[in-house]
Each structure stands twice: as structure tokens, then as C-alpha cells.
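The chain contents come next:
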Amino acid sequence: MRQDDFAIDNCLKCSVCNAACPVFGVNAQYPGPKQLGPELERLRLEGISADTEWLEYCLGCHRCDMACPHGVGVSEMIAHAKAKHHKPLVRGLRDWWFARPGLLGKLTTILPAISNFALSMKLARFFMSKVMRITPLRTFPAYTKPNLRTPPARTSEDRARLLFFPGCFIRYNRPDLGRKVIELLERNGFATEVAATECCGVPAAANGDAAQAHAMARANVKSLVAGVDAGMRVVTACSSCGYMLKTGFGGLLKDDRELAPAVQKIAASTLDVGELLIAQSDAGMLNTDFQQANMRLAYHAPCHQKSQGIGRPWFHLLRQIPGITIEDLDAGCCGMSGTYGFKQEKYKISVAIGQELFDSINASQPQMVATECATCQMQIEHGTDFKAIHPVEIMLQAYNGKII
Amino acid sequence: MKSTQVVIIGGGATGAGILWDLSLRGISAILLEQGDIANGATGRCHGLLHSGARYVAKDLETARDCLAENRIIKTIAPHCVEDIGGLMVQCPQDDPAFFEQWWRAAGDADIPSRRLNAEEALALEPNLAANILGAFTCPDAHVDVFRLVLANIEAAVGRGARFHTYSKVNSIQSADGRVRGVGYSNTLTGEKHEIACEVVINAAGGWAQEAAALAGVEVPVRCDKGTLLVLNHRPSSRVINRCRKSGDGDILVPAGPVCILGTSSMSVPGPDGLTASPEEINYLLQLGAELIPGVADARILRIFCGARALYVPAKVDSAGGREISRSYALFDHETLGGVGGFISIVGGKLTTYRLMAAAVCDCVAGKLGVQSECTTGKVPLRPVDDCKAHRRINELLPLPVAEKMERRLGPAVTRVIEAIDARPELAELVCECEMVTRAELEYVLGEASPIPAQTIADIGRRTRLGFGPCQGTFCGYRAMLAGFQTHRWTASQAAKEFSSYLHERWKGQALIQEGKQVEQLDLSHELYGADLSTCAYSGEPDGK
């Protein structure tokens, strides 16, 4: 018998997952992870049509999995059911695009200026709202030329080599952030190579496109495995990509006997940039050549960072910079969840979930918010007047002495 | 004093079937049940609608009856049946000669069957043991016993028949060698009542001897205990039988969301106070794992025992339970020199309940001089679904909830729609495992339902509330509150009701030795203040 068939047997109906669910917290109509996951799973096995619109409202934040004391694997059950959920045509078309940020990136970055102009045009946004059901209340991140490349080796010394998995946001929207990651790692003695990878597959899984998620997982595994076999570690600067490489591929490709060993190796070799640097710090090997700063920060831990089970490396790293005071907001999920917050029918829920975080930022009154996730940053800037940036940028500024 | 033509003792499948049959023949009848519907063997079986496959090799007549009834029940009560089909699995541990014997006998009994090799069988049921040799298909199905009994009663009540639960017959009055009436008392309130009647039918199953004694006669019945395990989910999607001479632990029936594994067979003195032993449970699990290895690690929700009331003709009195025929016997005590107007029906199977009812009703009709034919094989137990109600309930409730409720309630779903339309908060789920809304719960508790639930366990038999993994820990509490808030129970009644319900649910889990259900039971004990070491219940839930 397949082991995963037993996961529903683990549920004790304790509702801890419901208590941890951000959507359940703001919408009493939402059935909650306990019902959408293990409870409906029993009925699905019975052959009852347990398809419900609410499956679409799962954020995929994995807070239920983290909360569950019995290893039910709630979100995976929901994701499976979501993949089988039947959507109306228009939403299906929209979600098809949302599941493919890589393709969207490749197309829009052919002529970024025109794309950005089009995306900001009122008429275009009106069309997207009315026809594509994309909320006009948010702004899209600007696209730029995808010019992130592996830098030429600067020194001749033999450095530990890393494989950088940039992800779509860095590749198509913020290649400059990618270069900063590489520079930060270089200052800590690593040589970094940009991996030739596709989208990690999180947006595909979140939009219920299992086939696309599988395709992305397979392509990425094939692309990364040679480097990992050669002893390179993989680093990510996006918490969702990191989650996918560490855990998601294993779930998606569990029936693929050919790729399973590679998936395991990649999972074991993948590190968040912060995770790598905090390990350097613990070993007394972190470059602490920081300039004196003077800044008050607030830190928000993205859900997919939490679900990696690595603590809060960036919070502890930034604290080491002299002159920086940093508060861990610990105010739950931001509610953005990638493309979720862009969907017209989910916009209100998305903002309602973020309210606790917005309130705590407003109470903290920092000069800036630090968070690793690009869409958490978007949500924070959407819901408050504060700027949110990746901790990599702050740390690099500290080396360069550019922090106010 | 109430009066009627016929009083039926026993609200199992047979009694309910008789009530429906009599109502179709225009004979007035009252059914008296000492507990709730399907309180005895009916409610404590696999819920297997036999295709006869299990009996072909031993008892061709029973097999043929089963096959015919299997087809009829699928037609007259589709809402009670999950027509999932079955497999007779050939295990390497068993006698290969029997496989061939079975195949020939199945042909003789006209049981539609296909021969599958191991690969084909495993493709259909991937969780079967990898070492199986092959399988035969058969048209076995699962029948929801509570729903089947309810369907018969509801249909009969719709035609003027009456049904009283918690009514124990204490006396049978007779004069001039004929029955004249019965006396019974309400086991919840102690109230005593009498009914005048011309015929009394003893369909009391395991309690048949007790009922016969009230009329001063004897019936040859033996009680045979069977223990069954309820698994949390379905490891197979079909009924799995082991193709061998009928033995223990060789049937697995997917029943709604759960799966039932059983049984054992053991002679017992009577149907009350049955318990299973740990050895018996391990033995069943071990046998179940020979068919489906995953069973060894599966979560058991509950363990229960039932007593088959087997008919024992004098000559086989010394044989074991498995050797005794599964066929039934009808005793017209008038022709046997006993009291006139007293009929006993014993033995038989759930699958043949309608056939047994027909035989009884033919006999009753003869006695009452009513010219009639049995039509229960043709008349559907439930009218066709109301399309308008179907659309509306799907607007009001999410799909799985609507689908489950519609299957359970049928036309009565309109009552629930009215309730939710008037008070949308009634759409709240009370039992999350089995998808029972507050509106449905209030309906089965209320006087609008044909046989209102008296206890929380009664609610379970009507809705499956508390039949899921939590075993009433959360939903039982909510049911108690609902009973109190709708003025069904006073605060102290509600608290007492919940306490006894919870103890009954705990009892069913107490013998489970390991796995998640032990933790679930622990959670239940902790929530309601019981000490694990003694399992003594100390807390009183607050009915306010």
C-alpha cells in the first residue's frame, strides 16, 4: 500500500491546522484546511464529488503543515484536489498564465519598456480587470532585460563554488538583486554560477496546474543535477524557490523512479543564502567587515521561509550589523501568496490577511522592512507606506558603507 | 387502548421489511422496537449485500436467493446501496481445488463473474497482497443498513403504519388460544401501554427466544457472535472476499467513507453484553493483512460485535456456527400446536430480509383472510428525487455536504432547505467527518421526521454523525447542545445523554491497542476530564 494513502489516518481532528490558517482567520465561510484536506480526502476516496470552489482559496502557505502535530500533510492533499478542480474558462485562462511566470517573463522582457508601459496603461488594466479578473488595485512589478549572467572569475584562488537558482522574479524583474546576491557571496569567499533553470514550479502548483509544475520540476532537476553531482551547493534567494527545491520536488516527482535520487540530492544540497551565511557566521567565517550603520528595521519572515524549517537566519544576520536595530514582526502571513493577491475575487481576502502585518509595521515605524520574498515585499508596500527590501541588499550596503 | 391488526416485535431489517410489506397489502400494523432502529444484528454487520458468491459452494439455494434479492434491492433502494462490485480473491495459502469448485458453482448459480489473473486483479485493487494468484469478480455491493431499515419504515409510515422505538414488549395477551394483544413499556420513560391486535410477529432476531417465551412457545435459535473492525478509510474500492470455504476475517466491505473487516464466529448464550478479546482482534487483523497487507497499519476507528441469530434445526444442533445454514425459518405457532396468531421468523440474512418479510406477510394475509400479493420487489422504497430541491440544496450547501445529505434524506431534504432558507446559520457543519449540518441534525431530532431520534446515538444511525475518526468527541458535544437548544432535552438530560453516548463511543475504541485511534481516544478523554489509567469519566459537561 502506498504510504501517502495513510496520511489521512493521522488526523485527530484537533483543528490546530484551522487555527493556523490565515484564510480561515479572516473568512468564516472558508471550510479550513482540516476539511479541505483530510476530511474531504476520505470522501474523495469514497467517490463523493468533493470538488469545491474553496479549494482555490488555499494560499499554499504550508502553515497548516507546520502546525499539524501529527504529520498529516494537509496542504499536499489540498494541492492534489486543487489540481483536479474544474475552473470556469476565464479564470482558467488567467491561472494558466499565472502558472507560467517564466513564459510571461520571457515574452515581456523581449521589449521590457513596451511591456511595462502596457502593464501600467489604464485601458490595459481595465481589460485585465474585466476580462482576466486581475485586480486593477495592484501594480505589477516592472520587467527588465534578463541580463543576469555568471560573472567572470575575479581571483585565481580556489573558492567554494555555488550554483545560484535565481527564480523568475530575479531573472525577469530584478536581475540587479541577483548580481547583489552574487557579490554578497563573493565577499564571503564563494564563487557563484548562475544555473540555467526554469521557473521553480510554485506558481504552477499554486494555480492548480499539476502538469506544468511537474514539467518545471523535471526540467530543473535535470538542469541542476550535474552541478550537485560535482559537489556544488545550490543557493536560492527566493523563499518559495527554496521551499520547492527542498520539499516540493520530492512531492511532485515521488513516482518518478528515474529522477528520485537526483531530487533527494538536490534537496539535501539546497540552501537559502541566509542559511548559508548564518552557518558561516556560526563557524566564525562570516565576513563581518561591516561599516557603522544607523537604521531601524522590521523583519517579516515569509511563510515559505518558515516552512523550510531553518529558523530566521536573516533576522540574526542583520542583527550583527553595527548600528542596526531590528524587530521581528512575527505577525503571520502577509496574504499575498504570489499570484493569489492579484486575483480579483481573492483581493479582499489577501488584504484582510495582511492587515495584522500592516498594523504591526505601522506600530513599529521602522525605516524599512526586510523580507526575503518578493511578493511579501509587494504586499507590504501595497498595504503600508513603508519600503520593503530583500535583506541581501541591506547586508551588501553594510559592507559598502552606504546605510544611513 | 390502541388497536391494530398486526404487532411486529423487532425493528431490524426483517421487522421493517414486514411493516412495509403489510402496509402495501393494506394491513394495519405497529412495530415495537426495544431500542432504536437496527439495534441488533442488522446494525452490527458488514453491510454486505451478498451476490451469493460466498455461499455458492456450500448452499446453492441460499446463493440463488441472495443473487435474486441483490438485484431487487439494487432496484428498489438504490439510495441505500453502493454498487461497488466485489472480488473473490485467490490467496496462495488456500486450497486451489476450491477455486475451481467455486468457479463451477458460480456458473450453476448464474452469478455473473469474470476470471482475473493476478495482474488484472492488482490493476483493479492495487492494495491487494502482491502474492495473490488471481480473483473472480462478483456483483457484491455495500448496503447501508441504517438507511435501508429507515427507508422501509419511512415508506411504511407514509402509508399509515406506525413504529415505536424504545418500546419493549413485556407481555402477550391471549384468550381462547389466540393472541389478543401486547403490553409494552417505554424503556426511556417507563410508561406502560397496551395494544389490541389479531396477529403478533416475532422478528426479534437474537431476542426471538425471549419474545417467544412471552407467548409460551419456543423457537430454535442460536446466537453466534461476530466481531468486526471499522477502518478509517477504504483501502479497496470493491468488496474483497477470500475465495475459500467461509472462514474468519475474510471479508472487507468498503462502507461509505470507512471499510469494515470481519468477522469471527463464536457461539454465545445471548445477544447482550458482547465484547471482543484482544486475541480476536489481532487474529482478524492478521487475516485481513493476508488479503490487504496495509490493513496491518491502517487506523482502526472502532470495534464492535454483533450476534447472528441462526436458525438451528434439531439435527444440526451440535454443529458450529459456520456449519449452520444461513437460510431462514418461519414458524406459524398455530399449526405447531402453540398459540394462534403468533408467528416467528428466525435466521436468514440481511440480503434476504425482503424475502423473509414476504413469507411472513403471505402467512399473515392468509390468517386475516386478506387476498393479496407481495409487491415489495417492484415498488421503489423512495420516490424519485425532486429536481427542484436538488438544485436548491446544491446552491445552499457545498457539493459533498449536499450530496451526502440528499442521499440520506431523499424527499425530506426539502425540510432542510426550508430550515436553512429561514435560518442560514443552520448550514453549519456539526459533524465534519460525515458532513452533517445543524439543519439535518435538528430535522432528525424533531417531530417532523418519521422516527425522531431520542438519543445522540440515534442521530448517528440516521445521519452517520459520530461515525468518523473523532468518534463523537466533537460532534457529539455539538449534538448535545443542539438537543438542548431546540428544547428536546433539558440541561441535565442533555448532559446525561452526552455522558452515556461518549461512554458508548469510548467502549468501542477501548480495545484498540495501537495507532492513531489510541491518541484520538486520549484526546477525547483529556477533553472531557477522564483519567486515562482508569478510563473513568469524571467530568460533567455543562448543559448550559
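A.B. asks: Got a sec to walk through the environment of Thr4 of chain B? Specific residues and values, please.
C.D. replies: Residue and element names in this part refer to chain B. Note on placement: Thr4 falls in the loop between strand S1 (2–3) and strand S2 (6–9). Since its relative accessible area comes to 8%, Thr4 is described here as buried. Residues Thr4 and Ala155, 151 residues apart in the sequence, show an inter-C-alpha distance of 18 Å. When neighbours within four sequence positions are excluded, Thr4 is seen to be in contact with Ser28, Ala29, Ile30, Arg162, Ile195, Ala196, Cys197 and Glu198. Within the structure, Thr4 has its side chain in polar contact with the backbone oxygen of Ser28 (distance 3.2 Å).

A.B. asks: Account for the sheet that holds strand S13 (residues 192–196) of chain B, with residues named and values stated.
C.D. replies: The strands that make up a sheet are held in pairs by hydrogen bonds between backbone atoms, and each pair lies either parallel or antiparallel. Residues and elements named next belong to chain B. Read across the open sheet, the 4 strands follow the order S1-S13-S12-S11; overall the sheet is mixed. On the outer flanks of this sheet lie S1 and strand S11 (167–175), each paired with one strand and no other. Summarising the sheet, strand S12 (residues 178–186) and S13 pair through 5 bridges and their orientation is antiparallel. Bridge assignment links Gly181 to a residue of S13, and that residue is Ala196.

A.B. asks: Any details on the domain arrangement of chain A? Residues and values, ideally.
C.D. replies: All names here are of chain A. Domain annotation of chain A identifies domain 1 (3–84), domain 2 (160–277) and domain 3 (288–400). Just the C-alpha atoms count here: the centres of domain 1 and domain 3 sit 28 Å apart. With 13 residues of domain 1 at the contact, the number on the domain 3 side is 14 residues. Buried surface at the junction of domain 1 and domain 3, both sides included, amounts to about 1200 Å², of which 67% is carbon and sulfur. The largest per-residue losses of area from domain 1 upon contact with domain 3 belong to Tyr57, Leu59 and Arg63, which jointly make up 46% of the total buried on that side. Scanning the region where domain 1 abuts domain 3 turns up 0 salt bridges. The interface formed by domain 1 and domain 3 includes 4 residue pairs in polar contact (both at pLDDT 80 or more). Counting residues per element, the ones that place at least two in the side of domain 1 that touches domain 3 are helix H2 (22–26) and helix H4 (63–67). Take the side of domain 1 that touches domain 3: its biggest share by element is 3 residues, from H2.

A.B. asks: Explain the interface of chain B and chain A to me, using residue names and the numbers behind them.
C.D. replies: Taken together, the contact pairs 32 residues of chain B with 24 residues of chain A. The interface formed by chain B and chain A holds 3 salt bridges in total. Here Arg42 of chain A and Glu434 of chain B are joined by a salt bridge, their closest N and O atoms 3.7 Å apart. Counting every contact that joins chain B to chain A gives 11 residue pairs in polar contact (both at pLDDT 80 or more). Its residues placed into classes, the side of chain B that touches chain A shows 15 nonpolar, 7 polar and 10 charged.

A.B. asks: Lay out the pattern of salt bridges in plain terms, naming residues and giving numbers.
C.D. replies: Residues and elements named next belong to chain A. Under the criterion given, the structure shown has 59 salt bridges over all chains. As a salt-bridge pair, Arg174 and Asp176 come within 3.0 Å of each other at their nearest N and O atoms. Looking at Asp176, the relative accessible area reads 29%, which means it is partly exposed. Residues joined in a network through salt bridges with shared partners are Glu53, Glu56, Lys87, Arg91, Arg94, Asp95, Lys343, Glu345 and Lys346.

A.B. asks: Can you lay out unusual backbone geometry for me, pointing to particular residues and giving the numbers?
C.D. replies: That bond from Gly262 of chain B to Thr263 of chain B is cis: its omega, -10 degrees, falls within 30 degrees of zero. Topologically, Thr263 of chain B is positioned in the loop between strand S18 (258–262) and strand S19 (266–268). Even without being glycine, Lys13 of chain A reaches a positive phi, approximately 60 degrees. Locating Lys13 of chain A in the fold gives a position in the segment before helix H1 (16–20). For Lys13 of chain A, a relative accessible area of 3% puts it in the buried group. Despite not being glycine, Ala38 of chain B has its phi angle at roughly 50 degrees, a positive value. Exposure remark for Ala38 of chain B: the relative accessible area of 3% places this residue in the buried category.

A.B. asks: I'd love a proper account of the side chain of Thr236 of chain A, names of residues and values included.
C.D. replies: Residues and elements named next belong to chain A. If you trace the backbone, Thr236 turns up in strand S3 (residues 233–236). According to the relative accessible area criterion, Thr236 is buried, its value standing at 0%. The residues contacting Thr236, other than those within four sequence positions of it, are Phe164, Phe165, Cys241, Gly242, Leu245, Thr270, Leu271, Asp272 and Val273.

A.B. asks: So, the pairing of strand S17 (residues 251–255) of chain B: which residues are in play, and what are the values?
C.D. replies: All names here are of chain B. Among the 5 residues in S17, 5 count as buried, and that is most of the element. Taken together, the 2 bridges between strand S16 (residues 239–242) and S17 define a ladder with antiparallel strand orientation. When the bridges of S17 are listed, Ile240 appears paired with Leu252. Alignment of S17 against S18, held across 5 bridges, turns out to be antiparallel. Across the sheet, Leu252 pairs through a bridge with Leu261, a residue of S18. Remark: 2 residues form the turn of the hairpin made by S17 and S18, two consecutive strands paired antiparallel; Gly256 in that turn has positive phi of roughly 65 degrees.

A.B. asks: Break down the domain arrangement of chain B for me, with residues and values.
C.D. replies: As assigned here, chain B comprises domain 1 (2–40 + 146–220 + 326–368), domain 2 (82–143 + 224–306) and domain 3 (387–537). Relative placement of domain 1 of chain B and domain 2 of chain B: their C-alpha centres are 33 Å apart.

A.B. asks: Provide a residue-level description of the confidence of the model for chain B, including the pertinent values.
C.D. replies: Here chain B averages 91 in pLDDT, and 95% of its residues register 70 or above. pLDDT under 50 marks residues 531–544 of chain B. Its contacts with residues more than four places away, or in other chains, come to 25 contacts.

Reading the values: rules and limits
- Residues numbered from 1 in each chain as written.
- Chains lettered and ligands numbered in written order.
- Predicted model: local features only at pLDDT ≥ 70, side-chain atom pairs only at ≥ 80, totals over all residues.
- Heavy atoms only, no water.
- Helix = DSSP H or I, 4+ residues; strand = E, 2+ residues; numbered from the N terminus.
- Buried < 20%, exposed > 50% of the residue type's maximum accessible area, 1.4 Å probe, protein only.
- Contact = heavy atoms within 4.5 Å.
- Polar contact = N/O pair within 3.5 Å; in protein donor to acceptor, adjacent residues only side chain to side chain.
- Pairing = 2+ DSSP bridges.
- Domains from an automatic or database assignment.
- Buried area = accessible area lost by both parts, 1.4 Å probe.
- Salt bridge = Lys/Arg side-chain N within 4 Å of Asp/Glu carboxyl O.
- Nonpolar A, V, L, I, M, F, W, Y, C, P; charged D, E, K, R; others polar.
- pLDDT = per-residue confidence, 0-100.

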